[in-house]
Amino acid sequence: MPATRPTVPLASSLDDPERARDLSRMKRLATGLFGVAAAVFLACVLLGEDAGAWVGYVRATAEASMVGALADWFAVTALFRHPLRLPIPHTAIIPRKKDQIGASLGTFVQENFLTRTVVEEKLITIDVPGRLGGFLSAPGRAERLAGDASAAVTALAGLLRDEELEPAVAALVDRKLHDTPAAPVLARVLELVVEGDRHQEVLSAALRLLSRFLHENRVVFRAQLGDASPAWVPDWVDDQVFDRVFAGVQTFLDEVGDDPRHELRRSYDARLRVYVRALRTDPDSAARIEDLKKELLEHPAVRTWSGSLWSNAKTAFLAAAADPDSELRGRVAGMITQLAELLRSDPTVRELVQRHAHTIGGYLVERFSGDLADLVSSTVARWDTEETSRRIELQVGRDLQWIRVNGTVVGGLAGLVIYTVAQALS
């Protein structure tokens, strides 16, 4: 047994009470004219031909009016239902042919409106970038669009399952880090450091930290010397030895830190440059860095970090997206505002958007015109049959009732002319 196709309700705007009242008035008018014609015909029958020759003319006119009124009533009614509920063939055309009408309507729209030529000709007459820029530059529009984009992204993120994405993101990051050679990356980083002379700043900072560390732990180092010194050595000798060594170390650190041309700095610079070249040319040096990288990536703390990347990034992004005052929302709104200004004032951007609008419009029409036509036909097919007929009659029925009125009048005139001609020839 075929499945019952679900029906789709028609738009409520089609159910206009004013149209319903107009349709009822026109039906009463058309039916009233038929009643007048029937009354005149009956009166002529009752008067008979003895009342005068004019009775024949009036009777012929009324008789033809009745025939015309009945014929047009049948024709108009047959569009929407079976006249007198009798299953007369070729009646109730709209209910019976609803699906075919929908298919024909979809094909008509596709072949006459949804074509590349029609769309491109229309787009030529439209200032696409100007309209788009005006839309985006409306007061508060950028902020609303930024909020809408954030809400859409938040809704999309809610559909994603964290328990599936976290391992996938962790595996992706892990695979990317493993597949990326570490030696060239480290070599490039060190090159940038050396080229900017940042390595000397790092050395200076390290020397200052070391000097401070030694000064802050002077007592500890002195105690260590005392423990290591033989018991028969007097303490005052240990003090003098420690003071001279400690002062010498501090003086050396200060000299290196204050002299940018110190021999230690030159040696440090030369060795670092040699190491950078070795990272690029020496397989053993590169292999040692690669082993160190792998060991680091296998560390539990690193694995925990990579596993939490998705959750942390998602949480931070959603928090920023939900906050109207966040930098993220501000940046998106700013980008929309800048785009609106470019669309309205920049000739290059305007020409580019206008040109591509034609291309995109033509492509979309060619790609989706069949789908849109199918949407029309399938939507009509799912409409309720009786409701569809009633709504269509409501929209065009008033004009169709004029057919009945005209049929009554024209039929009567035609009957009068035919009768007159017949009398003239007899």
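Predicted, not measured: the structure shown is a model, and the values here were computed from it. (Residues numbered from 1 in each chain as written. Predicted model: local features only at pLDDT ≥ 70, side-chain atom pairs only at ≥ 80, totals over all residues. Heavy atoms only, no water.)

Asker: Please clarify how the environment of Met-335 should be interpreted in this entry.
Answerer: Its location among the elements puts Met-335 in helix 17 (residues 327-345). Considering only alpha carbons, one finds Met-335 and Leu-364, 29 residues apart in sequence, at a separation of 26 Å. (Helix = DSSP H or I, 4+ residues; strand = E, 2+ residues; numbered from the N terminus.)

Asker: Just to check I follow, could you spell out the packing of helix 17 against helix 18 (residues 347-382) for this structure?
Answerer: When two helices pack together, their arrangement is given by the angle between the helix axes and the distance between those axes. One way to put it is that helix 17 packs onto helix 18 with a least axis distance of 6 Å and a crossing angle of 90°. With respect to helix 18, the element helix 17 is oriented roughly perpendicular. Where helix 17 approaches helix 18, its residues Leu-342, Leu-343, Arg-344 and Ser-345 are matched on the opposing element by Pro-347, Val-349, Arg-350 and Val-353. A breakdown of the residues in the contact of helix 17 with helix 18 according to their chemical character gives 5 nonpolar, 1 polar and 2 charged. (Axes fitted to C-alpha atoms, helices over the stretch in contact; angles between N-to-C directions. Parallel < 35°, antiparallel > 145°, perpendicular 65-115°, else oblique. Contact = heavy atoms within 4.5 Å. Nonpolar A, V, L, I, M, F, W, Y, C, P; charged D, E, K, R; others polar.)

Asker: Even after reading the chapter, I still don't get the layout of surface pockets, so can you show me in this structure?
Answerer: The gaps of empty space that remain are located by a probe, the size of a water molecule, rolled over the atoms. In this structure, the largest pocket encloses a volume near 290 Å³. Lining the largest pocket are Thr-77, Phe-80, Arg-81, His-82, Pro-83, Leu-84, Arg-85, Pro-95, Glu-386, Ser-389, Arg-390 and Glu-393. Of all the secondary structure elements, the ones that give two or more residues to the lining of the largest pocket are helix 2 (54-80) and helix 19 (385-425). Ranked by the residues each element gives to the lining of the largest pocket, the list is headed by helix 19, at 4 residues. A breakdown of the residues in the lining of the largest pocket according to their chemical character gives 4 nonpolar, 3 polar and 5 charged. Quantified by volume, the second largest pocket comes out at close to 230 Å³. Along the walls of the second largest pocket sit 13 residues, with Leu-177, Ala-182, Val-185, Lys-293 and Leu-296 positioned nearest its centre. Elements with a contribution of two residues or more to the lining of the second largest pocket: helix 9 (182-195), helix 14 (283-297) and helix 15 (300-307). For the lining of the second largest pocket, the element with the most residues is helix 14, which contributes 5 residues. (1 Å grid on protein atoms, 1.4 Å probe; cavity = no way out; pocket = protein on both sides within 12 Å on 5 of 7 lines; lining within 4 Å. Points joined across faces, edges and corners; volume = space filled by probe spheres on them.)

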